[in-house]
Amino acid sequence: MSITLLEAQNIGKRFGGLTALSDVSLTIRKGEVYGLIGPNGAGKTTFFNVLTGAYTPNGGEFIFAGSELPTGKPHEVVARGIARTFQNIRLFREMTALENVMAGHHLRSDSSLWGILTQNRHMREEERLITERAFEMLRYVGIERHATTLSRNLSYGDQRRLEIARALATEPQLLALDEPAAGMNATETSQLRDLISTIRQDGVTVLLIEHDVKLVMGLCDRVAVLNFGKKIAEDVPAEVQKNPEVIEAYLGSSHAH
Amino acid sequence: MYELAEAVPWLGSRNPRAARGVVLALMLIAPMIALSAGNTWVRILDFALLYVMLALGLNLVVGFAGLLDLGYIAFYAVGAYTWAFLASPHFGLHLPFWIVLPAGAGFAALAGLILGAPVLRLRGDYLAIVTLGFGEIVRIFMNNLNHPINITNGPQGVNMLDSLSLFGWDISRHIQITDDFKINSLVLFYYVFLLCVVGSVIVIRRLQLSRVGRAWAAIRDDELAAKAIGINVRNMKLLAFSMGATFGGVAGGLFGSFQGFVSPESFSLMESIAILTMVVFGGMGNLGGVILGAIALSLLPELLRSVALPVQQALFGHVILDPEVLRMLLLSLAMIFMMLLRPAGLLPAHARYSRPELAGAGRITE
Ligand SMILES: Nc1ncnc2c1ncn2[C@@H]1O[C@H](COP(=O)(O)OP(=O)(O)OP(=O)(O)O)[C@@H](O)[C@H]1O
Ligand SMILES: [Mg+2]
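Described below are features of the structure shown in this document. In this text the structure is predicted, and so the values were computed from the model without any measurement. (Residues numbered from 1 in each chain as written. Chains lettered and ligands numbered in written order. Predicted model: local features only at pLDDT ≥ 70, side-chain atom pairs only at ≥ 80, totals over all residues. Heavy atoms only, no water.)

## A word on the layout of surface pockets
All names here are of chain B. Our working definition: Here the term cavity refers to a set of points on a 1 Å grid, laid over the protein atoms alone, in which a 1.4 Å probe fits but cannot get out; the term pocket refers to an open set having protein on both sides within 12 Å along at least five of seven lines, with lining residues being those that place an atom within 4 Å of a point. Grid points are joined across faces, edges and corners, and a volume is the space filled by probe spheres set on the points. Numbering of helices and strands starts at the N terminus; helices are DSSP runs of H or I of at least 4 residues and strands are runs of E of at least 2. Amino acids are sorted into nonpolar (Ala, Val, Leu, Ile, Met, Phe, Trp, Tyr, Cys and Pro), charged (Asp, Glu, Lys and Arg) and polar (every other residue, Gly among them).
One number sums up the size of the largest pocket: a volume of about 640 Å³. What lines the largest pocket is a set of 24 residues, and nearest its centre among them are Phe47, Tyr51, Glu271, Glu302 and Arg305. For the lining of the largest pocket, the secondary-structure elements that each account for two or more residues are helix H4 (39-64), helix H11 (233-259), helix H12 (269-282), helix H13 (287-316) and helix H14 (323-341). Among the elements that take part in the lining of the largest pocket, H4 stands out by supplying six residues, more than any other. Here the lining of the largest pocket is composed, by residue class, of eleven nonpolar, six polar and seven charged.

## Some details on the site of ligand 1
All names here are of chain A. The cut-off we apply is this: Whether a residue is near a molecule or strand is decided by its heavy atoms; if any one of them lies within 4 Å of it, the residue is near. We define a polar contact as two N or O atoms separated by no more than 3.5 Å, with the added condition that, inside protein, one atom must be a possible hydrogen donor and the other a possible acceptor, whereas residues neighbouring each other in sequence contribute only through side-chain atom pairs. We get accessible surface area from the Shrake-Rupley algorithm with a probe of 1.4 Å; when it comes to residues, only the shown protein chains can shield them.
Around ligand 1, a shell composed of 15 residues is seen, among which Asn40, Lys44, Thr45, Thr46 and Gln87 lie nearest. The separation between an oxygen atom of ligand 1 and a polar main-chain atom of alanine 42 is 3.2 Å. In the model, an oxygen atom of ligand 1 is placed 2.8 Å from a nitrogen or oxygen of the glutamine 87 side chain. Burial of ligand 1 by the surrounding chains reaches 65%, relative to a free accessible area of 630 Å². Elements with a minimum of two residues in the shell around ligand 1: strand E2 (18-29) and helix H1 (44-51). The biggest single contributor to the shell around ligand 1 is H1, with three residues. Of the residues contributing to the shell around ligand 1, the split by class is six nonpolar, seven polar and two charged.

## Focus: the pattern of salt bridges
Short version of the rule: Just to be clear on terms, a salt bridge is a Lys or Arg side-chain nitrogen sitting within 4 Å of an Asp or Glu carboxyl oxygen. Throughout this description, buried means an accessible area under 20% of the type-specific maximum (1.4 Å probe, protein chains only), exposed means over 50%, and partly exposed covers the range between.
Considering all chains together, one arrives at 20 salt bridges over all chains under this definition. Of the charged contacts, one joins aspartate 222 of chain B and arginine 90 of chain A as a salt bridge, the two residues approaching to 2.8 Å between their closest N and O atoms. In this pair, aspartate 222 of chain B is assigned in the loop between helix H9 (211-221) and helix H10 (223-228) and arginine 90 of chain A in the loop between strand E6 (82-84) and helix H3 (97-104), connecting two distinct chains. Taking relative accessible area as the criterion, aspartate 222 of chain B reaches 10% and is therefore assigned buried. On the basis of relative accessible area, arginine 90 of chain A is assigned to the partly exposed category, the value being 24%. Of the charged contacts in the structure, one is a salt bridge between lysine 231 of chain A and glutamate 234 of chain A, with a shortest N-O distance of 2.9 Å.

Here it is as structure tokens:
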């Protein structure tokens, strides 16, 4: 009854002598929140980078919505419907919050150079629509009152939310979030949890990297655990928590959570 | 007009309409004021407007897209030489301006693509060095392509370029209105250049407030994030290089027609640096700032020259510091003072890439 949205098949990634990912296979179903956890340096961010085309994998492939994803071509991956955020926030710092989200609409707008230079009807209409939608999106993530603030002047939590808004502006089917709760306080984290639930309800599948165990266990339908580049478990949260190999991986590493 | 008015200090923000009026009036009467000080000053104003166009074009590449280009003068050269080839006795061609000017712009845009393609992956210092090399290569070509076949006429350059003739009306001739009142051709050139500058500002402003302008700004701020939201970084950079070059090409063509003569020495590295200085000094990314920077840094050296030469003559009996040296000295001083006092330029960029009011102003402020 559940449809597969993304299938990773035997993904491998090496950096010189270091194997950051080896033979990672996983399946994400349409409409779920899928958690990707693991100790520091396990390869979670690397998995995102390979998935979204920032890096080319050394082996394996991704099947997304029924066909293979291009590798090493980020803008084509986004066009196929996968958007991401970054572990260390990457906003357009000299642009306002609104403009950041408007930039996110680039992909789904098509005014030509000619249209822009002549300011034709299509262009003006599209520009108005982008502005309106971007504003709606800011409202959706709850930072519309900062629309005209430069993104670098936003608080940390608001920057994280702005990054999610910008990613959503590309109209993704799959939203990949890299530690969105990092550095957030308890209130902000609980608002984030609500936001992710809403996003899921609105039909976007979520792939979530997160260290906050409570958040992961509360939100995710299924969780995969990476350790030293290998997938050591994949199950519903309650089962993963009991898995001896997972407990070993976390307690064995210096960063127990 | 509105865009230029932003350059007026404080009046610009307090009373934009008055500021617009002031700018408009200043622009229109400037040549008359200059004329009272002599023809030289009108000429200087004309050149200042050419520099404004160049600075606006370079700002598009450096200020908007964040691509440091130290060879920008090459596009000016392409535009000027296009005029020289298509409208002078050199090849015996005398095509009208509405062919030659677009051709110059087109060739410059093409040169922009040729420069852009190999440097797509370079950033910062590396990009600066390669573009610098590109500028020099173009100049060296102009210098040496007189042999074995004479194309550019080498270091002597090309003479007797056709002037700008607008549908049969040659603006290099004075217009005699009454017996003792005539409109100087330098003044006519001024108004033609002014028209071109206003046109450039409108075009650039439209680009800035569009998906293209936002894509450029995104690439400038964070290339990786720009890719991650689906911007085709390669195409957008190429577009920036070629659009920026287009303005250089148009300015180059106008320069050729105005000067009536082109030679490689007008397109030295120092000119590229001077234009970059104008952009940075005025306020990278801010159109008003860039215009102000270009005007200030093309007029100040001339003022200095007109003062320094007689002073040196009087003091030492001969000229010790060459005007060109003085100009470079002034540009360097301008940069140093800017770094110390106004690191973001005369008018810091409060660059906008959107018109939030389109979403309904009421909702923005609620
Ligand atoms: N570009 C790179 N070049 C070389 N090594 C890299 C690169 N990116 C990641 N690595 C290495 O790959 C391994 C996995 O890193 P990754 O960032 O994917 O871990 P992570 O699971 O996201 O960790 P964290 O929880 O700390 O974010 C680490 O050992 C890291 O040092
Ligand atoms: Mg990580």
